[in-house]
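Architecture and fold: a report
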Amino acid sequence: MTDQTPSMLDLVIELHKLLDRLGPGSVESTNRALDFVEGLGSMERVLDLGCGTGAQTMTLAERISGSITGIDLFSDFVDELNARAEKRGLSNRVRGVQGSMDKLDVELESVDLIWCEGAIDGVGFEEMLGYWSSFLKPHGYVAVTCPSWLTDNRVAEVDDFWTQAGSGLDTVAQNVDVLQKAGYVPVSTFVLPKECWTENYFAPRRAAEANLAAKYPGNETVAEFIAGNHYEEELFAAYGNLYGYVFYIGKKL
Ligand code: SAM
C-alpha cells in the first residue's frame with residue numbers, strides 16, 4: 001500500500017510549483033533593482049540563484065540579452081522555468097538547472113550579475129555574498145532580496161517565526177554593512193511594497209491552498225502546513241510596517 005501522506009517538503013513543492021512566484025516580489029521591483037545595475041546591454045552571463053519557477057528570470061531576460069542560468073534545488077521548479085522560457089522562445093539563452101547556490105559549477109570571475117530573490121536568507125546572507133564574489137567578474141553586480149527589520153523595534157513573534165523558517169532577520173543597516181565587508185560597494189537598497197506580499201504572493205498562495213485542502217481532505221499535515229502559511233500572513237498584517245523584503249544591490253570592487 002502506498003503512503004498517501006505527503007511530507008511538509010512535498011507540500012511546499014506541490015503548492016508552489018504552480019505559482020507564478022514563490023515569495024514576495026513583483027515585475028516592477030525586479031525592474032527597479034535592474035535600473036541600478038550598469039552595463040545590462042553588454043552582459044554575457046547572469047545567474048539567477050534560487051530561481052524557483054522563474055518569475056524574476058523572465059523579467060531579467062527582457063532587459064538582458066546575454067545567457068541567464070537559473071539554479072534551484074528542486075527540479076519541479078526548474079522544469080516550470082524551462083517551460084516558461086520555451087513558451088517565450090528564450091530557450092536558446094535562458095535555462096534552469098537543478099543545483100545549489102552554495103556549490104556553483106561555474107568558472108571564477110566569469111559572471112556579470114548574480115541575482116537572487118527570496119532565497120539567500122535561507123542559506124546565509126553573509127556566507128553567500130562572500131562565496132559568490134569570486135564567481136563575479138571585477139565590477140560585477142549582485143542583487144538580492146532578503147527579509148529584514150526596517151526598524152530597531154523588534155517583535156519576538158516575528159523573530160521566532162523567521163528563525164524557525166531558517167533565517168533570523170537583521171536590520172537594513174546591518175545587512176548593508178555585511179555587503180560592504182564582503183567586498184561590494186553598496187549601490188542601493190529599497191523596501192518591496194506590501195502588495196508584493198499580499199497581492200503577488202499571499203493571494204495566489206491562498207487559492208492554491210484551497211486546491212491542496214480539497215485534494216487531501218482531513219489530512220493533518222496539510223492542515224498544519226496551511227495554518228503555518230496563514231500565521232505568516234497574520235504576522236505580516238500585524239507587523240508589516242516593522243519588517244519586509246528589502247532589495248540589496250552591490251557592485252564588486
Ligand atoms: N526567486 C523565486 C521567486 O521569487 O519566485 C523563488 C523564491 S522561493 C522563496 C526560494 C527558492 O530558493 C525556492 O525555489 C527554493 O527551492 C530555492 N532554494 C533554497 N535553497 C536553495 C539552494 N541552496 N540553492 C538553490 N536554490 C535554493
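Above: the structure in question.
Throughout what follows, the structure given in this document is the object of discussion. (Residues numbered from 1 in each chain as written. Predicted model: local features only at pLDDT ≥ 70, side-chain atom pairs only at ≥ 80, totals over all residues. Heavy atoms only, no water.)

**Regarding the side chain of K252**
Formally: Secondary structure elements follow DSSP: runs of H or I no shorter than four residues count as helices, runs of E no shorter than two count as strands, and numbering proceeds from the N terminus. Between N or O atoms, a polar contact is any pair within 3.5 Å; within protein, one atom must be a potential hydrogen donor and the other a potential acceptor, and residues adjacent in sequence are included only when both atoms are from side chains. Whether two residues are in contact is decided by their heavy atoms, any of which lying within 4.5 Å being enough.
Among the secondary structure elements, K252 is positioned in strand 8 (residues 243-252). Within polar-contact distance, the side chain of K252 engages the backbone oxygen of S133 at 2.7 Å. Within the local environment of K252, its side chain forms a polar contact with the backbone oxygen of L136, the two atoms lying 2.7 Å apart. With near-sequence residues (within four places) excluded, K252 lies in contact with E109, S133, S134, L136, K137, P138, H139, G140, G183 and Y184.

**Examining the nonpolar core**
Applied cut-off: For our purposes a nonpolar core is just a set of buried Ala, Val, Leu, Ile, Met, Phe, Trp, Tyr and Cys residues, chained together by side-chain atoms within 4.5 Å. Relative accessibility decides the category of a residue: with a 1.4 Å probe and only protein chains considered, values under 20% of the type maximum give buried, values over 50% give exposed, and everything between is partly exposed.
By size, the foremost hydrophobic cluster in this structure holds 48 residues, and its most contacted members are L113, W115 and Y243. At six residues, helix 9 (residues 195-215) tops the list of elements feeding residues into this core. One finds I120, W132, F135 and Y248 within the second-largest nonpolar core, a separate group that totals 24 residues.

**Some details on the pairing of strand 5 (residues 136-149)**
The condition that has to hold: Strands are labelled as partners when DSSP assigns at least two bridges between them. Looking down the strands as they point away from you, a crossover is right-handed if its path from the first strand over the helix to the second goes clockwise.
For strand 5, a buried count of twelve out of 14 residues is recorded, marking the element as mostly surrounded by other parts of the structure. Two elements, strand 4 (residues 111-116) and strand 5, share five bridges in a ladder whose sense is parallel. Bridge pairing in strand 5 links W115 to A143. Pairing of strand 5 with strand 6 (residues 170-171), which is carried by two bridges, proceeds in the parallel orientation. Its bridge partner lying in strand 6, W149 is registered against T171. Note that the unit made of strand 5, helix 7 (residues 156-164) and strand 6 has a crossover that is right-handed.

**Points about the packing of aromatic side chains**
How we decide: Working definition: a ring pair exists when centres of Phe, Tyr or Trp rings (six-membered ring for Trp) sit within 6.5 Å. Plane angles under 30 degrees give stacked, over 60 give edge-to-face, the rest tilted.
Enumeration over the complete set of coordinates arrives at 18 aromatic pairs. For the ring pair Y201 and F202, a centre distance of 5.8 Å and an interplane angle of 40° mean the geometry is tilted. Note on Y201: relative accessible area 6%, which makes it buried. Feature note: the residues W149, F161, W162, W197, Y201, F202, Y231, F236, Y243 and Y245 constitute an aromatic cluster, connected by ring pairs.

**Overview of the site of the ligand**
Selection rule: Neighbouring residues are identified by heavy atoms, a residue being near a molecule or strand if any of them is within 4 Å of it. Per-residue and other accessible areas were derived by the Shrake-Rupley procedure at a 1.4 Å probe size, with only the shown protein chains allowed to occlude residues. Residues are grouped as follows: Ala, Val, Leu, Ile, Met, Phe, Trp, Tyr, Cys and Pro are nonpolar; Asp, Glu, Lys and Arg are charged; all remaining types, including Gly, are polar.
Neighbouring the ligand are 17 residues, the closest being L22, G50, D72, M101 and E117. Contact distances for the ligand include 2.8 Å between an oxygen atom and a backbone N or O atom of L22. Q56 has a polar side-chain atom sitting 3.0 Å from a nitrogen atom of the ligand. When the ligand sits alone it has 590 Å² of accessible area, and the protein chains cover 86% of it. Its residues placed into classes, the shell around the ligand shows eight nonpolar, six polar and three charged.

**Details of the pattern of salt bridges**
Using the following cut-off: Salt bridge, as used here, is a side-chain nitrogen of Lys or Arg placed within 4 Å of a carboxyl oxygen of Asp or Glu.
Here the structure, examined in full by the defined rule, presents 13 salt bridges. Residue D112 is joined to K137 by a salt bridge in which the shortest nitrogen-to-oxygen separation is 3.0 Å. Taken together, the residues D112 in strand 4 and K137 in strand 5 connect sequence positions 25 residues apart. For D112, a relative accessible area of 12% puts it in the buried group. Put simply, E44, D112 and K137 are held in one network by salt bridges that share partners.

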